[in-house]
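Structural features, examined
Listed below, chain by chain, are the residues.
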Amino acid sequence: MTHDIDRLAIDTIRTLSMDAVQKANSGHPGTPMALAPVAYAIWQHALVTDVEDPQWIGRDRFVLSCGHASMLLYSVLHLAGVQELDAHGKRTGKLAVPLGEIERFRQLESRCPGHPEFRWTSGVETTTGPLGAGCANSVGMALAQRYLSARYDRPGLALFEHRVYVVCSDGDLMEGVACEAASLAGHLGLANLCWVYDDNKITIEGETHLAFTEDVPARFAALGWNVLQVADANDVPALEQALDACARETRRPTLIVVRSHIGFGSPKKQDSHAAHGEPLGADEIRATKRVYGWPEDAQFLVPPGVRERFAARVGARGAAARQAWNERWARYQQQHPDLAAEVARIQRGELPPGWDKAIPSFPADAKGVATRDASGKVLNALAPGIPWLLGGSADLAPSTKTRLSFEGAGDLLAGSPGGRNLHFGVREHAMASIVNGLALSGLRAYGATFLIFSDYLKPAVRLAALMELPAIHVFTHDSIGVGEDGPTHQPVEQLASLRSIPGCTVIRPCDANETAEAWRAALSNRHGPTCFALTRQALPTLDRAKLGSAAGLHQGAYVLRDAPNPQVILIGTGSEVQLCLAAADKLAAEGLAARVVSMPSWELFERQPQSYRDAVLPPDVRARVAVEAASPFGWHRWIGDHGAFVGMTGFGASAPLADLMRKFGFDAEAVAAVARRQLSLATT
């Protein structure tokens, strides 16, 4: 039922994957062998993409969520002739995946690393490997398409008609994040989303019945999905029919359940977990190639006609679609120049001119405001001028103050795809992964929850950092200041955990004006996630006429209040900065000179030149006290061997805020006492 040239192309995907894994002596050959017809059908029959420009904004998205099968994607990228783009999106004139890079699979600096990596290999839409993550990213991509279409498409001038195709595995569907995301996708009726589920009944430990016997089609039907089934992954016409049915669906996302045989064609390892996570072995590869009718000793062979077959189908279809899109785009620019300018900025990753002029300034106020409240005011001032800034909370918008309340903001629901407020439900991990998918689509997106629940979503923050995505996470209820909710809701180690992620910027502002600058910093950051840690309790809005400017936040740490020839440095973050100021007053009354440093962001401070860091924290002032209602982990870098830390060494307790502060030593006199002790030690 499959043309000879198509069968030859499918077997080329299989043999390239086998050969690459064998040469690397590392990798997963079985799934690419099984799913070669599936990937071939998607790319050759359904996917609309311009191989000359893999970042074309109108392209369909293809996500390999089961990233261990990376050779499946690398083989297709090579055979389809996808072109390489440089860091600026310019064509280099080279293939994204030359054959030589496949031969260097999993080797240092190869364009074919062990799992697909966004920004590293052109044509890879998202970094996958942690199972379930790609599935959840795809929901963000599908949401982005719906939002972009609702805002920008005009009759006869549709720019955003693309679909999102995902290949996923048993492991993906076992992970909770995929089910969270699938639940939301079904609720929102994302008919532009298609997951193709590889039902091969094999995992690394053995057959799936060891731990996974659920009725997957019934589960997805209950989640509101259109469920189709293909009995044999090698039946390309049946796969194409299922993809056609998916394209006709207008109300629901689609799951295509495909029964496959891992390690297809391997005489000894087909349908065995031995084909999952290790090379087949030279003898078994020769035997498998005999089954395919392939030259047994040929390695990395691409027979004549295979590349041409890809060019004639996915290549030609994408080129024609891109030409038609370009013609619409030319008319669109003439008829809707303002909207066209927005689309162009989205594609370039830019913000509108003067976007930050709307950021408010807060007057000094001893009573002050919670930084979560200040954040909400700043967000609502900014968002009207940045139409592609949108987001929501894990069912906590009233508490995190992240609802966009300005006129016209609206809710992004099944019947209103142009709304700016997303409702993620109690799905923290999926929320953060969906935010990544939105960011991968060019939108500036945020998610919000309590800081304690950052534990649920940290894997997605890590992937955002790895991909350099400008995702924003608004974490509130940032300390034992949560009070009566008790230690289950009082974060202690979470700041240290987030700070440990390379490329993640954590900001804990001390008042409303630092919070305003935090939003300016986050939206200016185009190469990594930003995490806010904001208070529930009110904090004084500091008098900046007498203290350092809140703009110092952009340097990560700055001198908030100085003293001539300081003897001790008091370093605070967030709600504890006010304790440092009060303690400095007490020390000054005793003739002791204390410098107060606000350090809202370690990461921003680390990026400053050494000369600036030394100016803020002079090396010769060894008496230092850091104050933060969190774990001391990592603070040694800033306070040194002779410094002291006032913070948490255990969990909190359930009690009113004032009682908790006294119990755990967060008061001005306690901080001053520690500073006196440090001065005494420094002079002995």
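Described in the following lines is the structure provided in the data block.

Let us look at the overall build of the protein chain. Scanning the protein chain from terminus to terminus reveals 24 helices and 22 strands. For the protein chain, the spread of C-alpha atoms along the principal axes amounts to about 90 × 60 × 45 Å. Residues counted as buried form 61% of the 684 residues belonging to the protein chain. Taking as baseline every contact in the protein chain between residues at least 6 positions apart, the subset at least 24 positions apart corresponds to 76%. About 25200 Å² of surface is accessible on the protein chain, with carbon and sulfur atoms providing 51% of the total.

Counted as a void, the largest pocket has a volume near 1500 Å³. Among the secondary structure elements, those contributing two or more residues to the lining of the largest pocket are β2 (83-85), α11 (306-335), α12 (337-348) and α15 (428-440). When residues of the lining of the largest pocket are assigned to their parent elements, the largest contribution, five residues, is made by α12. Residues that form the lining of the largest pocket fall into these classes: 19 nonpolar, twelve polar and 16 charged.

For the coordinates displayed, the defined rule picks out 37 salt bridges. In this structure, Arg104 engages Glu101 in a salt bridge whose closest nitrogen and oxygen atoms are separated by 3.3 Å. Given the relative accessible area of 32%, Arg104 is considered partly exposed. By relative accessible area, which is 15% here, Glu101 ends up buried.

For an α-helix, the turn length of 3.6 residues means that residues three or four places apart are oriented alike. End to end, helix α18 (residues 512-524) covers 19 Å across 13 residues, agreeing with the expected 18 Å (1.5 Å per residue, within 8%). What α18 keeps buried is the set Ala512, Asn513, Glu514, Thr515, Ala516, Glu517, Ala518, Trp519, Arg520, Ala521, Ala522 and Leu523. At the N-terminal boundary of α18, the capping side chain belongs to Asp511, with an oxygen 3.3 Å from the backbone nitrogen of Asn513.

With that out of the way, let us pick up the state of the cysteines. Per the stated rule, a full pass over the model turns up zero disulfides. Between Cys194, a cysteine without a disulfide, and Cys246, which holds the nearest cysteine sulfur, the sulfur-to-sulfur distance is 3.4 Å. We classify Cys194 as buried; its relative accessible area is 1%.

Overall, parallel pairing links the five strands, which are arranged β1-β4-β5-β9-β8 in an open sheet. One side of each edge strand has no neighbouring strand; the edge strands of this open sheet are β1 (61-64) and β8 (226-230). On average, adjacent strands in this sheet sit at an angle of 20° to one another, irrespective of strand direction. For strand β4 (residues 164-169) and strand β5 (residues 193-199), the ladder comprises six bridges, and the chain directions are parallel.

Let us look at the sheet that holds strand β21 (residues 624-627). Taken together, five strands build an open sheet; the order of strands is β18-β20-β19-β21-β22 and the sheet is mixed. At either end of the open sheet lies a strand with only one pairing partner, and these are β18 (558-561) and β22 (644-646). If you compare each strand with its neighbour and ignore which way they point, the axes differ by 30° on average. In terms of strand pairing, strand β19 (residues 568-572) meets β21 through four bridges, oriented parallel. By the bridge assignment for β21, Ile571 is matched with Ala626. Strands in contact with helix α24 (residues 668-682) are β19, β21 and β22; relative to β21, the strand with the most contacts, it is inclined by about 155°.

A few words now on the packing of aromatic side chains. This structure, assessed with the given rule, holds 19 aromatic pairs. Pairing Phe220 with Trp225 gives two aromatic rings, centres 5.1 Å apart and planes at 90°, and the pair type is edge-to-face. Note on accessibility: Phe220 and Trp225 belong to one class, buried. Arranged with centres 5.7 Å apart and planes meeting at 20°, the rings of Trp325 and Trp329 form a pair that is stacked. Of this pair, Trp325 and Trp329 both sit in helix α11, four residues apart, which is roughly one turn of the helix. Trp325 sits in the buried class, given a relative accessible area of 5%. Trp329 gets classed as buried once you look at its relative accessible area, which sits at 15%.

Attention shifts here to unusual backbone geometry. Glycine aside, negative phi is the norm for most residues, and most peptide bonds take the trans geometry. Despite not being glycine, Glu468 shows a phi value in the positive range, around 60°. Assignment of secondary structure puts Glu468 in the loop between α16 (454-467) and β14 (472-476). Take Glu468: its relative accessible area is 33%, and that puts it in the partly exposed class. One non-glycine residue, Asn565, adopts positive backbone phi at about 45°.

Before going further, it helps to examine the nonpolar core. As a rule of thumb, soluble globular proteins bury nonpolar side chains together. Ranked by internal contacts, the top residues of the largest apolar core, which has 112 residues, are Leu193 and Trp195. Apart from residues no more than four positions distant in its own chain, Leu193 is found in contact with Ser138, Val139, Ala142, Val164, Val166, Ala185, Trp225, Pro253 and Thr254. Residues Leu35, Met71, Val124 and Cys246 belong to the second largest nonpolar core, which totals 56 residues.

Mapped onto the elements of the fold, Arg59 is located in the loop between α2 (30-46) and β1. Ignoring sequence-local partners within four residues, the contact set of Arg59 consists of Val48, Thr49, Pro54, Glu125 and His162.

Take the environment of Gln241 next. On the secondary structure map, Gln241 appears in helix α9 (residues 236-248). Each C-alpha atom, one on Gln241 and one on Val230, is 9.4 Å from the other, the two residues being eleven residues apart in sequence.

A complete count under the given rule lists five cavities of 30 Å³ or more for this structure. In this structure, the largest cavity encloses a volume near 80 Å³. Lining the largest cavity, in full, are Trp43, Leu47, Thr49, Pro54, Arg59, Asp60, Phe62, Leu77, Val82, Gly123 and Glu125. For the lining of the largest cavity, the residue count by class is six nonpolar, two polar and three charged.

Calculation criteria
Residues numbered from 1 in each chain as written. Predicted model: local features only at pLDDT ≥ 70, side-chain atom pairs only at ≥ 80, totals over all residues. Heavy atoms only, no water. Helix = DSSP H or I, 4+ residues; strand = E, 2+ residues; numbered from the N terminus. Buried < 20%, exposed > 50% of the residue type's maximum accessible area, 1.4 Å probe, protein only. Contact = heavy atoms within 4.5 Å. Areas by Shrake-Rupley, 256 points an atom, 1.4 Å probe, with all protein chains shown as cover. 1 Å grid on protein atoms, 1.4 Å probe; cavity = no way out; pocket = protein on both sides within 12 Å on 5 of 7 lines; lining within 4 Å. Points joined across faces, edges and corners; volume = space filled by probe spheres on them. Nonpolar A, V, L, I, M, F, W, Y, C, P; charged D, E, K, R; others polar. Salt bridge = Lys/Arg side-chain N within 4 Å of Asp/Glu carboxyl O. Expected span 1.5 Å × (residues − 1). Polar contact = N/O pair within 3.5 Å; in protein donor to acceptor, adjacent residues only side chain to side chain. Disulfide = S-S within 2.5 Å. Pairing = 2+ DSSP bridges. Axes fitted to C-alpha atoms, helices over the stretch in contact; angles between N-to-C directions. Phe/Tyr/Trp six-rings, centres within 6.5 Å; stacked < 30°, edge-to-face > 60°. Core = buried A, V, L, I, M, F, W, Y, C linked by side-chain atoms within 4.5 Å.

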